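Listed below are the residues making up each chain.
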Amino acid sequence: MTADTARWIRNFVDGRYVDPEETGGENRSFEKTDPATGLVNARVHEAGEALVDRAVTAARGALGPWARTPVRERTAVLRRAADLIEERFEEFVAAEIADTGKPVTQARELDVARALANFRTFADVVAAAGQESFLTDLAGGRQALNYAVRKPLGVVAVIVPWNLPLLLLTWKVAPALACGNAVVVKPSEETPGTATLLAEVLRDAGLPAGAYNVVHGFGGGSAGAHLTAHPGIDGVTFTGSSATGSHVMRTVAPRVRPVSFELGGKNAALVFGDADLDETLDGLTRSVFANTGQVCLCTERVYVHRSVFADVADGLAERARSLRLGRPLDGATTTGPLISQAHRDKVRGYFALAEEAGAKVLTGGGVPALGAELDGGSWIEPTLWTGLTNADRPVREEIFGPVAALIPFDTEDEAIALANDTDYGLAASVWTTDLRRGHRVAQAMDVGMAWVNTWFLRDLRSPFGGMGLSGIGREGGASSLHFYTEPTNVCVSL
Ligand code: NAD
Ligand code: 6OD
């Protein structure tokens, strides 16, 4: 597809698409390329300050009526949205692939499947939510009744990244809407497609105009910055890098708006000598290489007990070599490209740093030649290193690619100290057949999520988020209800 024939992706404000011609002096657009080929496959209309303002104004207008809609009707809209995504499942899969180049099996089984689960789960969670109340004993035998009513937070700015675009968007939009908020979403400039399709689905599911708006563009100087600086937003839920999170926090600080931040990670796996080798290698293969390493939860540091170090290193390298890079629509493809050439340059920068630090490359370390149109894409080889330590930049900084450093340890205490020696605190996985050790070590991890003998196994009712540079707050189940609502405590003297 050439730039001239590429499809248009438009902004969606107040229940309808906005044509580029309607935005006068702000009529700017940018090209979207297919990461698998490097070819332009869409033109995206960029929202300027005036269009972002229209979106926030529309959301403010929708807020009152939507917040007053009974919970059973709001949750019915969410369930219809899930049904409509199911009906248009393959369209969502195609849009996600066009934006990311990810393998069709993953788009179906993870990305779009989780959008359904997000809507259905948060419909259930909000429908079942109760309120705390306390009977307070007063002097003289009297009592007071305290109870809290939860009100929607208001107009929520939802800003999301490119790695799991629909999954991460619906993870926030579903609870926000279920709680009665109106949202203005800003998808990543790399992945505008599924957020836009979702607008049609929510409209068709009966969501009032203005309750879900999409503004496209970049961060600084573009839609992202206009949205977070807008005085009409009541809070920001953001998923992305720690550096951008810090920037967004400074932007909203003067107006003291609440933020929920799901940020970067530098996650560790700890493999003990008693681990089930096959189960561990299968788990590590997923946790290091899933989505081409572009999941915030991916493992980039693997600490292995010295007694099994050689077996784990050899076994993981063999599995890495068996991953199949190729066309997204080929059902046998396991591994897609990185999101962009710029991101590949960043990952390759860490390949150079690892080499300078004396790393031994167990496998990978380069750019594959896949032939034909794929050679224009941003492909990278799954890569494993030994010979690095926690002092080296490739072991300290988030790379966000299909790479990991394997580092030996001798004792449990040493493994815990190595894993916790990081500025991040998102996730960890512990591999052992000694369940007492599994609990002990998992609890000692300074992270938001610690898995034992598994990875990225999710119950959407449980808290999700990170410590340190990995974020602020938690979402999921009751944690989402807390972020997307504000309580008013009522105290009645009885
Ligand atoms: P990013 O921070 O560059 O961008 C994220 C979003 O923020 C995009 O929509 C972008 O346009 C927008 N943005 C950028 N600058 C902005 C600004 N000044 N104001 C407002 N918005 C702005 O991140 P990315 O490269 O898209 O995604 C990768 C990062 O996201 C990695 O660090 C990864 O770990 C993190 N991530 C974290 C989680 C989690 O749950 N903790 C999940 C997925 C990704
Ligand atoms: O599973 C989730 O709910 C979630 N927020 C996953 C985040 C993955 C990061 O890339």
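Given the structure is predicted, the values throughout are model-derived calculations rather than measurements.

Looking now at the overall build of the protein chain. The helix and strand tally for the protein chain stands at 15 helices and 23 strands. For 494 residues, the compact-globule estimate of 2.2 N^0.38 gives 23 Å, and the protein chain sits close to it at 23 Å. Taking the principal axes of the C-alpha coordinates as reference, the protein chain spans close to 75 × 65 × 40 Å. Relative to its full complement of 494 residues, the protein chain shows a buried share of 57%.

Our next topic: the pattern of salt bridges. Opposite charge on two side chains permits pairing when their charged atoms draw close. Enumeration according to the criterion identifies 31 salt bridges in this entry. For K32, the salt bridge is made with E190, and the minimal N-O distance between the two is 3.9 Å. Highlighted residues: K32 in strand β4 (residues 28–33) and E190 in the loop between β9 (182–186) and α6 (193–204), separated in sequence by 158 residues. Put simply, R319 and D278 hold a salt bridge, and the shortest N to O gap is 3.6 Å. Of this pair, R319 sits in helix α10 (residues 309–322) while D278 sits in helix α9 (residues 277–289), and the two are 41 residues apart along the sequence. Under the relative-accessibility criterion, R319 is labelled partly exposed at 22%. Each member of the salt-bridge network shares a partner with another, and the members are D274, E412, R437 and R440.

Our next topic: the site of ligand 2. Around ligand 2, a shell composed of R114, N163, L164, L167, L168, W171, V295, C296, F456, R458 and F464 is seen. R114 places a polar side-chain atom, nitrogen or oxygen, 2.8 Å from an oxygen atom of ligand 2. Between an oxygen atom of ligand 2 and a side-chain N or O atom of N163, the distance comes to 2.7 Å. Relative to its free-state accessible area of 310 Å², ligand 2 is covered by the protein chains to the extent of 99%. Top contributing element to the shell around ligand 2 by residue count: helix α5 (residues 165–178), with 3 residues. Of the residues contributing to the shell around ligand 2, the split by class is 8 nonpolar, 1 polar and 2 charged. When residues of the shell around ligand 2 are assigned to domains, at least three fall in each of domain 1 (7–263 + 470–493) and domain 2 (267–459).

Before going further, it helps to examine the nonpolar core. Grouped together as the largest cluster of nonpolar side chains are 69 residues, with contacts concentrated most on F119, Y212 and L297. Both domains that meet at this core, namely domain 1 (7–263 + 470–493) and domain 2 (267–459), each give it at least three residues. Excluding residues within four positions of it along the chain, F119 makes contact with L78, A81, A82, I85, T170, V173, A174, L198 and L202. Counting residues in each nonpolar core, the second largest holds 30 residues, with I399, A405, A415 and A419 among its members.

A few words now on unusual backbone geometry. The phi dihedral of D14 falls on the positive side, at around 55 degrees, and the residue is not glycine. For D14, the location among the structural elements is in the loop between β2 (11–13) and β3 (16–18).

This part is about the domain arrangement of the protein chain. By a frequent convention, interface size equals the accessible area lost on bringing the separate parts together. Looking at the protein chain, the domain boundaries give domain 1 (7–263 + 470–493) and domain 2 (267–459). Between the C-alpha centres of domain 1 and domain 2 the distance comes to 31 Å. Listed by partner, the interface residues are 25 residues for domain 1 and 30 residues for domain 2. Summed over both sides, the interface of domain 1 with domain 2 buries roughly 2,000 Å², with 61% coming from carbon and sulfur. One can count 0 salt bridges joining domain 1 with domain 2.

It is worth spelling out the packing of helix α13 (residues 412–420) against helix α14 (residues 435–444) at this point. Across the interface, α13 lies against α14 with an axial gap of 10 Å and an inter-helix angle of 30 degrees. The two elements α13 and α14 meet at a crossing, and its hand is right-handed. Between α13, through E412, I416 and N420, and α14, the contact on the second element is made entirely by R437, R440, V441 and A444. Considered class by class, the residues forming the contact of α13 with α14 number 3 nonpolar, 1 polar and 3 charged.

If a strand is regular, its side chains alternate between the two faces of the sheet. A large share of strand β11 (residues 235–239) lies buried, amounting to 5 of its 5 residues. With burial as the criterion, each face of β11 is covered, one bearing G235, T237 and T239 and the other bearing V236 and F238. Sheet topology note: the strand β8 (residues 155–159)/β11 ladder contains 4 bridges and is parallel. If you follow V158 over to β11, its bridge partner there is T237. Pairing analysis gives 4 bridges linking β11 to strand β12 (residues 259–262), with the strands arranged parallel. Of the residues in β12, the one forming a bridge with V236 is V259.

About the cut-offs
Residues numbered from 1 in each chain as written. Chains lettered and ligands numbered in written order. Predicted model: local features only at pLDDT ≥ 70, side-chain atom pairs only at ≥ 80, totals over all residues. Heavy atoms only, no water. Helix = DSSP H or I, 4+ residues; strand = E, 2+ residues; numbered from the N terminus. Rg over C-alpha atoms; globule rule 2.2 N^0.38 Å. Buried < 20%, exposed > 50% of the residue type's maximum accessible area, 1.4 Å probe, protein only. Salt bridge = Lys/Arg side-chain N within 4 Å of Asp/Glu carboxyl O. Near = heavy atom within 4 Å. Polar contact = N/O pair within 3.5 Å; in protein donor to acceptor, adjacent residues only side chain to side chain. Areas by Shrake-Rupley, 256 points an atom, 1.4 Å probe, with all protein chains shown as cover. Nonpolar A, V, L, I, M, F, W, Y, C, P; charged D, E, K, R; others polar. Domains from an automatic or database assignment. Core = buried A, V, L, I, M, F, W, Y, C linked by side-chain atoms within 4.5 Å. Contact = heavy atoms within 4.5 Å. Buried area = accessible area lost by both parts, 1.4 Å probe. Axes fitted to C-alpha atoms, helices over the stretch in contact; angles between N-to-C directions. Left-handed = near helix turned anticlockwise from the far one by under 90°. Pairing = 2+ DSSP bridges.

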